[in-house]
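# Residue-level structure breakdown
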Amino acid sequence: MATINNMSTRMCRDHRILSSSGNLSDVFVLDSRFRKRCFFQNSKFTVRSMKVSGQNQTRKLASSNGPLTASEKVSYPFELLTNNQTLGKENINPIARRKTKIVCTIGPSTSSREMIWKLAETGMNVARLNMSHGDHASHKKTIDLVKEYNAQSDDNVIAIMLDTKGPEVRSGDVPQPIILKEGQEFNFTIKRGVSTEDTVSVNYDDFINDVEAGDMLLVDGGMMSLSVKSKTKDAVKCVVVDGGELKSRRHLNVRGKSATLPSITDKDWEDIKFGVDNQVDFYAVSFVKDEKVVHELKDYLTSCNADIHVIVKIESADSIPNLQSIISASDGAMVARGDLGAELPIEDVPLLQEDIIRRCHNMQKPVIVATNMLESMIDHPTPTRAEVSDIAIAVREGADAVMLSGETAHGKYPLKAVKVMHTVALRTESSLPFNTTAPTHNVYKSHMGEMFAFHATIMANTLNTPIIVFTRTGSMAILLSHYRPASTIFAFTNEERIKQRLALYQGAMPIYMQFSDDAEETFARALKLLLSKGLLMEGQNVTLVQSGAQPIWRRESTHHIQVRKVQA
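- The chain has the name pyruvate kinase in an unreviewed UniProt entry, where Populus tomentosa is given as its organism.
- The UniProt entry for the chain carries the following comment under Pathway (unreviewed entry): "Carbohydrate degradation; glycolysis; pyruvate from D-glyceraldehyde 3-phosphate: step 5/5."
- In its Catalytic activity (unreviewed entry) section, UniProt records this for the chain: "pyruvate + ATP = phosphoenolpyruvate + ADP + H(+)".

Below, the structure written as structure tokens:
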């Protein structure tokens, strides 16, 4: 395929013209089918002239996790696929980069300095603090260690996500596990401190009002189930349907119902303030039922002048009718399949996962798939084949990130779990069809930035180049991520907070660099940096993008794309 050498395109709001700059002579003619699929049907975009040089094009897999170490390099007997290819036609680049991000929950197995470093180097992109466990002192230690890692790492960055406990209904403490047998009568009481062979406390006074005779009560995400037979003023009487071992503080759900507790509890507000004081990057808010909760939290963050994004966890039955408004109000979503599968029929969970991912794509919000992804690796060094397929499905459906919970928090093999997730995501990405068109979303109705990201993606995909974007707010890097270019988005920013936030977005590799007042000097330094780190090769073409909410070296109404050849 021909490549464009040192071509600069400029798009202006008033004229909507795509033109070249410099002394360009040869005319570049786009394939008619490509023009029909990629450009606006009624637009007046024209390609005037571009210098064309013949070069062989090879596609290289890209990701945002940094190059693999020598021990982690993946060698496969198969190759990248285009629309008309099958396995075994092209070799994967041995330093291929993963695009799907990995969220790791930090807990007793991984809270040391050594383990956080190893998780980061193995593939972690986001460190999750689960506020259902631990105290502020232990979470502060984790935050400090992640920030220490970020301060000394030039090639990688880890974002911090604080996950609120939410309005969880849990059983009380028991001195030793209680064995529940099928057909046995068993009771839950709102009296505190009760623990006998047939009765245990719950932590929620309105539990009596939330359940009715005939309801199915699920314990620990469905590991045990009990049918509600009757209730008194302070107890719910049940019969065990599926037995098991009841331990302390097990989560309780009623099939098809959500607790009437507020989405943000008093404890959550204390944890949220802790997150503000320690400048976390994201909140994952549990059991969000409607958009009012999101607005309430965002108003609080605004009053604190806190730049923290809100990720809503979709995990309650009440959230499903309000999905569109909840996701619209948020900065992203998490498919929390554990409680979602407890409150709703489990056969609905795969369909809901696909639906939530699609909605997030349409609204250009990041989406995380979570819970049970490598559950067996809590105790075993290898995953089940079904778990491997689960990761692959999430990647193919377009999740920005996949998440590990108990696997890295208290599992026996946290590093192996991350490595499995990394290699499965990398392999799955290599099998995705290679297109020269980007997903359109609502691009034909969108503002200039979104339209520009769309065309920059088409150009980079067609010319098979990585994208280099310069951003102060992260807006253009985020837009490019949602259009899913085939190669890496090298997102240069002069804001550390933006660098950390971009760690969540699919395909984006955030890099901190101070911008010069001279655009050409900044471009040259960026290319030199990528070349020195082995992220680009001499002679390779790259697509440079200048655009976004804040102008850097341009008039506010002008956006630029440049295609350049990397030179040492």
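### Here we look at the sheet that holds strand S14 (residues 252–254)
- Strand order in this open sheet of 6 strands is S9-S8-S12-S11-S10-S14, and the pairing throughout is mixed. Among the strands making up the open sheet, the edge pair consists of strand S9 (199–201) and S14. The sheet shows a mean angle of 35° between the axes of neighbouring strands, direction not considered.

### Some points on the nonpolar core
- Membership of the largest hydrophobic core comes to 67 residues, with the highest contact counts inside it found for Met124, Tyr283 and Ile356.
- A total of 6 residues in this core trace back to one element, the largest contributor, which is helix H12 (residues 414–431).
- Residues in contact with tyrosine 283, not counting those within four places in the same chain, are Leu162, Ile272, Gly275, Val276, Leu297, Leu301, Ile308, His309, Val310 and Ile311.
- Listed in part, the 40 residues of the second largest apolar core include Val126, Ala370, Leu502 and Ile561.

### Section: the packing of aromatic side chains
- This structure, assessed with the given rule, holds 8 aromatic pairs.
- Judged by centre distance (5.4 Å) and plane angle (90°), the rings of tryptophan 117 and tyrosine 149 are edge-to-face. Taken as a pair, tryptophan 117 in helix H2 (residues 113–122) and tyrosine 149 in helix H3 (residues 136–152) lie far apart in primary sequence, 32 residues in all.
- Judged by centre distance (5.7 Å) and plane angle (25°), the ring pair of phenylalanine 470 and phenylalanine 492 falls under stacked. Here phenylalanine 470 is found in strand S20 (residues 467–470), whereas its partner phenylalanine 492 is found in strand S21 (residues 489–493), with 22 residues between them in sequence.
- Look at phenylalanine 492 and you get buried, because its relative accessible area is 0%.
- Grouping aromatic residues by their ring pairs yields a cluster made of Phe470, Phe492, Phe515 and Phe523.

### Here's the deal with the pattern of salt bridges
- As enumerated under the stated definition, the model contains 24 salt bridges in all.
- The closest approach of N and O atoms between lysine 231 and glutamate 212, which form a salt bridge, is 3.5 Å. With lysine 231 in strand S11 (residues 224–231) and glutamate 212 in the loop between helix H4 (207–210) and strand S10 (216–219), this pair connects stretches of sequence that are 19 residues apart.
- Residue class for lysine 231 comes out partly exposed when judged on its relative accessible area of 33%.
- Judged by relative accessible area, glutamate 212 falls into the partly exposed class, the value being 38%.
- With its nearest N and O atoms 2.8 Å apart, the salt bridge here joins arginine 337 to aspartate 390. You can see arginine 337 sitting in helix H8 (residues 337–343) and its partner aspartate 390 sitting in helix H10 (residues 385–397), a full 53 residues away along the chain. Like arginine 337, the residue aspartate 390 is buried in the burial classification.
- One network of salt bridges, with partners in common, ties together Arg128, Asp163, Lys313 and Glu315.

### Digging into the confidence of the model for the chain
- In this model, the chain carries an average pLDDT of 82, and 79% of its residues clear a pLDDT of 70 or more.
- Contacts from residues 1–95, a stretch scored under 50 in pLDDT, to residues over four places away or in other chains number 213 contacts.

### Section: the pairing of strand S12 (residues 235–242)
- Pairing geometry for strand S8 (residues 185–189) and S12, over 5 bridges, is antiparallel. By the bridge assignment for S12, threonine 189 is matched with alanine 235.
- Pairing of S11 with S12, which is carried by 6 bridges, proceeds in the antiparallel orientation. The residue bridging serine 227 from the neighbouring strand is valine 239, located in S12.
- Once S11 ends, the chain turns through 3 residues before running back antiparallel as S12.

### Side note on the sheet that holds strand S19 (residues 401–404)
- Pairing is parallel around the closed barrel formed by 8 strands, whose spatial order is S4-S5-S6-S15-S16-S17-S18-S19. Each adjacent strand pair in this sheet contributes to an overall mean axis angle of 25°, direction not counted.
- On top of the sheet, H3 reaches strand S5 (126–130) and strand S6 (159–163); it is set at about 170° to S5, its chief contact.

### Describing H2
- Turning to H2, its buried residues number three or more, namely Met115, Ile116, Trp117, Leu119, Ala120 and Thr122.
- In this structure, the buried side of H2 is in contact with H3, helix H11 (406–409) and H12.
- Of the residues one or two after H2, glycine 123 is the one with positive phi, at around 155°.

### Quick word on the environment of serine 132
- As for its position among the elements, serine 132 is in the loop between S5 and H3.
- A sequence separation of 32 residues divides serine 132 from threonine 164, and the C-alpha atoms of the two residues are 7.0 Å apart.
- Those residues within four positions of serine 132 in sequence are excluded, and the remaining contacts are Lys165 and Glu168.

Quick notes on the rules
Residues numbered from 1 in each chain as written. Predicted model: local features only at pLDDT ≥ 70, side-chain atom pairs only at ≥ 80, totals over all residues. Heavy atoms only, no water. UniProt positions renumbered as here; feature names shortened; annotations may be inferred. Pairing = 2+ DSSP bridges. Helix = DSSP H or I, 4+ residues; strand = E, 2+ residues; numbered from the N terminus. Axes fitted to C-alpha atoms, helices over the stretch in contact; angles between N-to-C directions. Core = buried A, V, L, I, M, F, W, Y, C linked by side-chain atoms within 4.5 Å. Buried < 20%, exposed > 50% of the residue type's maximum accessible area, 1.4 Å probe, protein only. Contact = heavy atoms within 4.5 Å. Phe/Tyr/Trp six-rings, centres within 6.5 Å; stacked < 30°, edge-to-face > 60°. Salt bridge = Lys/Arg side-chain N within 4 Å of Asp/Glu carboxyl O. pLDDT = per-residue confidence, 0-100.

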